[in-house]
Amino acid sequence: MNADELHDDPLLRCLGALPAEDADPARVARARGRCHAALRRQARPGRPQALRLAGFCRRFVEPVLVSALCAVCLIEVARRAAALLGP
């Protein structure tokens with residue numbers, strides 16, 4: 001669709017003729033209040049020690065353990081394959 005087709009499209013002309021609807025002020029106030037509350041919850045300083053430790057474990061310790069287990073399995077597979085093929 002090119003620029004000329006955008007101006008000639010009857011559906012877009014009909015959509016452009018629709019009036020803009022303003023939100024109800026009470027609804028806007030409720031949404032703003034929920035947003036502010038969510039931002040306050042996120043901005044709390046200092047996470048508990050347990051959460052910091054869990055984040056560290058999830059980001060660093062767990063991938064290292066999984067990688068080590070995979071390496072052990074790969075070495076064992078290679079060792080058994082070498083034993084089967086033999087000298």
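Residues numbered from 1 in each chain as written. Predicted model: local features only at pLDDT ≥ 70, side-chain atom pairs only at ≥ 80, totals over all residues. Heavy atoms only, no water.

Participant: Help me out: how do you make sense of the overall build of the protein in this one?
Facilitator: The secondary structure content of the protein amounts to 4 helices and 0 strands. Of the regular secondary structure in the protein, the N- to C-terminal order runs α-α-α-α. (Helix = DSSP H or I, 4+ residues; strand = E, 2+ residues; numbered from the N terminus.)

Participant: Whenever I open this one, a nonpolar patch on the surface confuses me. Can you help?
Facilitator: A cluster of nonpolar residues, Leu-53, Phe-56, Phe-60, Val-61 and Leu-65, forms a patch on the protein surface that exposes about 480 Å² of accessible area. Residue class for Phe-60 comes out partly exposed when judged on its relative accessible area of 47%. (Patch = residues over 30% accessible without salt bridge, like charges linked within 9 Å, V, L, I, M, F, W, Y side chains within 5 Å. Areas by Shrake-Rupley, 256 points an atom, 1.4 Å probe, with all protein chains shown as cover. Salt bridge = Lys/Arg side-chain N within 4 Å of Asp/Glu carboxyl O. Buried < 20%, exposed > 50% of the residue type's maximum accessible area, 1.4 Å probe, protein only.)

Participant: Can you walk me through the packing of aromatic side chains in this structure?
Facilitator: Centre-to-centre distance and the angle between the planes together describe a pair of aromatic rings. For the coordinates displayed, the defined rule picks out 1 aromatic pair. Each ring, one from Phe-56 and one from Phe-60, has its centre 5.4 Å from the other, and the planes form 45°; the classification is tilted. Here Phe-56 and its partner Phe-60 are both found in helix α4 (residues 49-85), 4 residues apart, which amounts to about one turn of the helix. The exposure class assigned to Phe-56 is partly exposed, which follows from its relative accessible area of 43%. (Phe/Tyr/Trp six-rings, centres within 6.5 Å; stacked < 30°, edge-to-face > 60°.)

Participant: How do you make sense of the pattern of salt bridges when you look at a structure like this?
Facilitator: Pairs may arise between side chains of opposite charge once their charged atoms sit close together. Evaluated as defined, the whole model comprises 2 salt bridges. Salt-bridge contacts for Glu-76 lead to Arg-79; the nearest nitrogen and oxygen are separated by 2.7 Å. Here Glu-76 pairs with Arg-79, and both are found in helix α4, just 3 residues apart, close to one helical turn. Relative accessible area serves as the criterion here: at 28%, Glu-76 is assigned to the partly exposed category. Of the charged contacts, one joins Arg-80 and Glu-76 as a salt bridge, the two residues approaching to 2.8 Å between their closest N and O atoms. You can see Arg-80 and its partner Glu-76 sitting in helix α4, 4 residues apart, about one turn around the helix.

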